[in-house]
Amino acid sequence: MSLPLSSRCPRIEDAAAYVLGALDDPDAFREHARTCATCGEEIVRLASLPAALAAAPLSVRAPQAMRQRILDRVTAEAEVLNASGPQADRPPRARVPLARRWRFSGAAAALALAAGLVIALAGGGGSPRTTYATASGAATGARAMLRQYGGRAELSVSHMPQAPLGKVYEVWLKRPGGAPQPTDALFSVTNDGRGTVNVPSGLRHVAEVMVTSEPIGGSEHPTSAPLLTFRLT
């Protein structure tokens, strides 16, 4: 049942943009959601939205010129990220996004992500690189793959158990000799264990991509052992 408007947190409209990676300041909202039950529940409710968008039958093909502009922007941002060196040499929370992030809410964020997915991937050229994960703990038996399209990556799971009550799955990036670094990629899975999430960072110099179960809103440091581990070579 929906909450009365008078009792709804004014920041609840940011939950959709946060789940889709389109929020201007995801770290601030992450901190807010840790203590706001309303926003935390909204994150969980919307966590399967990226997977639903990825599975939706999108037949629109972006014009070549528009697709090329998006790919050029992604490449330029990735070069900035790569030139800055390994994550371990940067301040703990410094991040350079792959693309400019706009502030959206609700359905607008969903439409923006869907359009971006079509533009970036439709006819982008070349074969994606696919890496499969080692599953452990509660995820034993799950299947997971990481598909890289140039400077972008998409993580998909199947037969994955539901996250425990009050938890959500979080994606981490680990560079050689460094500690796992958090990302804004939080997701849940459908009743049959399927889920898809975009990994919001270039994977150059990344040795491992991991998935853990974390409190709603995500964590700055892993609080549980990895359930999925992708080893990149």
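Caption draft 1: Here's a closer look at the overall build of the chain. Each helix and strand in the chain was counted, giving 6 helices and 9 strands. When burial is assessed residue by residue, the chain has 42% of its 233 residues classed as buried. Here the contacts in the chain between residues at least 6 apart in sequence split such that 66% fall between residues at least 24 apart.

Caption draft 2: Main features of the sheet that holds strand S1 (residues 129-132). One open sheet holds the 4 strands; their spatial order is S1-S3-S4-S7, and the pairing between them is antiparallel. Of all the strands in the sheet, just S1 and strand S7 (195-199) have a single pairing partner and so form its edges. Put simply, the sheet's adjacent strands are angled 20 degrees from each other on average, direction ignored. Here strand S3 (residues 143-149) runs beside strand S4 (residues 152-158); their pairing, made up of 7 bridges, is antiparallel. Bridged to Arg147 within S4 is Glu154.

Caption draft 3: Region of the structure containing the packing of aromatic side chains. The full count for this structure, using the stated rule, is 2 aromatic pairs. On the basis of an interplanar angle of 50 degrees and a centroid distance of 5.3 Å, the ring pair of Tyr18 and Phe29 is categorised as tilted. Of this pair, Tyr18 sits in helix H1 (residues 14-19) while Phe29 sits in helix H2 (residues 26-35), and the two are 11 residues apart along the sequence.

Caption draft 4: Geometry of the state of the cysteines. Scanning all chains against the criterion turns up 0 disulfides. No disulfide involves Cys9; its nearest neighbouring cysteine sulfur is the one of Cys39, lying 3.7 Å away. Cys36 supplies the cysteine sulfur nearest to Cys39, a cysteine that is in no disulfide, at a spacing of 3.7 Å.

Caption draft 5: Fine view of the pattern of salt bridges. Within the structure shown, the criterion is met by 9 salt bridges. Glu170 is the salt-bridge partner of Arg30, the closest N and O atoms lying 3.3 Å from each other. Placement of the pair is Arg30 in helix H2 and Glu170 in strand S5 (residues 167-174), with a sequence separation of 140 residues. Just as Arg30 is buried, Glu170 falls in that class too.

Caption draft 6: Seen up close, the sheet that holds strand S2 (residues 134-135). What the 5 strands build is an open sheet, ordered S2-S9-S8-S5-S6; its pairing is antiparallel. Only two strands of the sheet have a single partner each, and these edge strands are S2 and strand S6 (181-187). When S5 meets strand S8 (residues 208-215), the two strands line up antiparallel, connected through 8 bridges. When the sheet's bridge partners are listed, Lys174 is paired in S8 with Glu208.

Caption draft 7: Region of interest: the environment of Ala22. Looking at the secondary structure, you find Ala22 in the loop between H1 and H2. Given a relative accessible area of 12%, Ala22 falls into the buried group. The sequence separation of Ala22 and Asp184 amounts to 162 residues, and the corresponding C-alpha distance is 9.7 Å.

Conventions used here
Within every chain, residues take consecutive numbers counted from 1 along the sequence as written. Per-residue local features are limited, in this predicted model, to residues with pLDDT of at least 70; the limit for side-chain atom pairs, both in listing and counting, is 80 or more; totals at the level of whole chains, interfaces and linings are taken over all residues. Heavy atoms from the whole structure form the basis of all side-chain values; hydrogens and water molecules are not counted. Helix numbers and strand numbers start at the N terminus; a helix is a DSSP run of H or I with at least 4 residues, a strand a run of E with at least 2. Think of it in three bands: with a 1.4 Å probe and only protein chains considered, a residue is buried below 20% of the maximum accessible area for its type, exposed above 50%, and partly exposed in between. Two residues qualify as a contact provided that any one of their heavy atoms is within 4.5 Å of a heavy atom in the partner residue. Strand pairing is assigned whenever DSSP identifies at least 2 bridges connecting the two strands. Every angle, taken between N-to-C directions, lies between 0 and 180 degrees, and every axis is a line fitted to C-alpha atoms, over only the stretch in contact when it is a helix. Stacked, tilted and edge-to-face are the three classes applied to pairs of Phe, Tyr and Trp rings, where Trp contributes its six-membered ring and a pair requires centres within 6.5 Å; stacked means planes under 30 degrees apart, edge-to-face means over 60, and tilted covers the rest. Cysteine sulfurs are considered disulfide-paired once they come within 2.5 Å of each other. Definition used for salt bridges: Asp or Glu carboxyl oxygen within 4 Å of a side-chain nitrogen of Lys or Arg.

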